[in-house]
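Coordinate analysis (summary)
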Amino acid sequence: MALGVTPATAADAVPAGYAVPIGGALKYDNEAVWGRLVELAGGKGARFVVLATAAGNPARSGRQIADALARRGALAEVLPVSPKLNDADVTAAVRDPALIAKVRAARGVFFSGGAQERIVDSLAPAGVESPLLAEIRALHRRGGVVAGTSAGAAIMSSVMFRDAQDVMRILKGELRQGKEYDRGLGFAGESLFVDQHFLKRGRIGRMLPLMVAKGYTLGLGVEENSAAIIHGDEIEVIGGKGALLVDLSSMKRDADSGPFNLRGARLSYLDRGDRYRMSTRTVLPSAAKLADHRVDPNAADFKPFFDNDAFHLDMLGDTTIVNAMSNLIDNARREVRGLAFNARPAADDPAPSLGFEFRLYKGEDSVGWYTGAFGGEDYTVANLYLDVTPVRVAQPLYRPWIN
């Protein structure tokens, strides 16, 4: 955890406030998220400052966010803190007493999406915490809300992905400090790793190698148009979809085998309304799930809904991992497998035939909950297990049937 800007101390290890990573692509009509942010900050009249530091067009992004908060009753102001603003010096802005005072008077801070390195490089240049960042931390410690979407969510852990769009390259070992990953700002605490756009972009393939490399045992991958409220020991998921919890506390791996591998990663999927207790690694389903159907694949009277023997050719595809989990928990089968590989590897790929088998399987503590209350077939899944094994994939993968 050496990359964190400020190590936690016994006095401030558990702030009184709320860290709210939002998985990106947050819709402006998502009342569950916008309304809840204002509620957490004190309700109507709550003061927010908006930092569009990450945005390519900070004036526009900041205004849109401030308007969304204002429509829910907040008093929101955009602070001119961005390297993309021509008429404002970001180095001076993070030391400006007037801007610091605005944070001190606020109950919430909202970081926009964009490029997360702009946030970290502006508020903590070369790892040195600015006075503005110190005031944001003080707001968080005294019970305020620190929220961020996309890039604004990436900064929530002490280590973050800086520029790591190619998930397969990271699975293949391309994980460099200052390039693919860097220091974050750590509002989620020292022991929780956070990633965003998670299910849509198949980012479990990059989360696992980073967690192993940096010693994290708990990871939180927040989906688009969804948010996770981190408060004390609990995580609550709200919004349009959910979040994936990755627990590596009992994981094993062969560090001498070359390519990335692991066995026994524990995965849980939290749908909207669900909670998770970090100290005990316990999933707490929503009232809607508890009122509907419990799925216990280890029960003597288990009646599975599915009996298909699936194989997923792209485990890093759009929502593939959570779809596989939802199917497996309510399936007569005990496991499901799939692949992650480059069907058309780049010319500079050092290992074009390297792929990875993902094996999801049930354990003695695997359980799920189902509801149709949200208008679909929605599952909460606790404690499925994952092995990732390197494999050799044929190149080309297929040929014409007739030459």
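Residues numbered from 1 in each chain as written. Predicted model: local features only at pLDDT ≥ 70, side-chain atom pairs only at ≥ 80, totals over all residues. Heavy atoms only, no water.

The tally for this structure, following the rule as stated, stands at 36 salt bridges. A salt bridge links Arg183 to Asp182, with the shortest nitrogen-to-oxygen separation between them at 3.7 Å. Of the residues examined, Asp182 reaches a relative accessible area of 8% and is grouped as buried. Here Arg201 makes a salt bridge to Glu224, at a shortest N to O gap of 4.0 Å. Here Arg201, found in the loop between strand E8 (192-195) and helix H9 (204-214), pairs with Glu224, found in the loop between strand E9 (218-222) and strand E10 (226-231); they are 23 residues apart in sequence, far enough to count as distant. When its relative accessible area of 39% is taken as the criterion, Arg201 is described as partly exposed. (Salt bridge = Lys/Arg side-chain N within 4 Å of Asp/Glu carboxyl O. Buried < 20%, exposed > 50% of the residue type's maximum accessible area, 1.4 Å probe, protein only. Helix = DSSP H or I, 4+ residues; strand = E, 2+ residues; numbered from the N terminus.)

The next thing to look at is the pairing of strand E18 (residues 335-340). By the bridge criterion, two bridges tie strand E17 (residues 311-312) to E18 in an arrangement that is parallel. Paired with His312 across the two strands is Gly338, which belongs to E18. Following the backbone out of E17, through helix H11 (residues 320-329) and into the adjacent parallel E18, one traces a crossover that is right-handed. Where E18 lies against strand E19 (residues 354-371), six bridges are found, and the strand directions are antiparallel. Considered in E19, the bridge of Arg337 is made with Arg359. (Pairing = 2+ DSSP bridges. Right-handed = clockwise from strand over helix to strand, strands pointing away.)

Turning our attention to the sheet that holds strand E14 (residues 275-277). To summarise the sheet geometry, strands pair through backbone hydrogen bonds and adopt either a parallel or an antiparallel arrangement. Strand order in this open sheet of nine strands is E3-E2-E4-E5-E1-E10-E11-E14-E15, and the pairing throughout is mixed. Because the sheet does not close on itself, it has two edges, and the strands there are strand E3 (75-78) and strand E15 (282-284). Sheet twist, expressed as the mean angle between neighbouring strand axes with direction ignored, is 20°. Note: strand E2 (residues 47-51) against E3, four bridges, orientation parallel. In the sheet register, Val49 faces E3, and the bridge partner there is Glu77. (Axes fitted to C-alpha atoms, helices over the stretch in contact; angles between N-to-C directions.)

This brings us to unusual backbone geometry. At the junction of Gln395 and Pro396, the peptide bond is cis and its omega measures out at -5° in the coordinates. Looking at where Pro396 falls in the secondary structure, it is placed in the segment after strand E20 (378-392). Phi is positive for Thr319, which is not a glycine, with a value near 60°. Here the phi dihedral of Asn383 falls at roughly 65°; this positive angle occurs in a residue that is not glycine. Within the fold, Asn383 resides in strand E20.

With that settled, consider the side chain of Ser268. Topologically, Ser268 is positioned in strand E13 (residues 262-271). Owing to a relative accessible area of 4%, Ser268 belongs among the buried residues under this scheme. Apart from residues no more than four positions distant in its own chain, Ser268 is found in contact with Ala243, Leu244, Leu245, Val283, Met325, Val381, Ala382 and Asn383. (Contact = heavy atoms within 4.5 Å.)

The next point concerns the nonpolar core. Val81, Phe111, Ile136, Phe187, Leu192, Leu220 and Ile235 are the most contacted members of the largest nonpolar core, which totals 49 residues. Among the elements that take part in this core, helix H6 (residues 131-141) stands out by supplying four residues, more than any other. The residues touching Leu192, leaving out its near neighbours within four places in the chain, are Ser157, Tyr216, Leu218, Gly219, Leu220, Ile230, Ile235 and Met278. (Core = buried A, V, L, I, M, F, W, Y, C linked by side-chain atoms within 4.5 Å.)

Another aspect to go through is the environment of Ala68. Residue placement: Ala68 occurs in helix H2 (residues 58-71). Residue classification places Ala68 among the buried positions, given a relative accessible area of 0%. For the pair formed by Ala68 and Gly35, sequence separation is 33 residues and the distance between their alpha carbons is 9.4 Å. Every residue in contact with Ala68, bar those within four places of it in the chain, is listed here: Tyr28 and Trp34.

Another point: the confidence of the model for the chain. Looking at the chain as a whole, the pLDDT averages 95, with 97% of positions reaching at least 70. Every residue in residues 4-12 scores below 50 in pLDDT, and together they form 15 contacts with partners more than four places removed in sequence or on other chains. (pLDDT = per-residue confidence, 0-100.)

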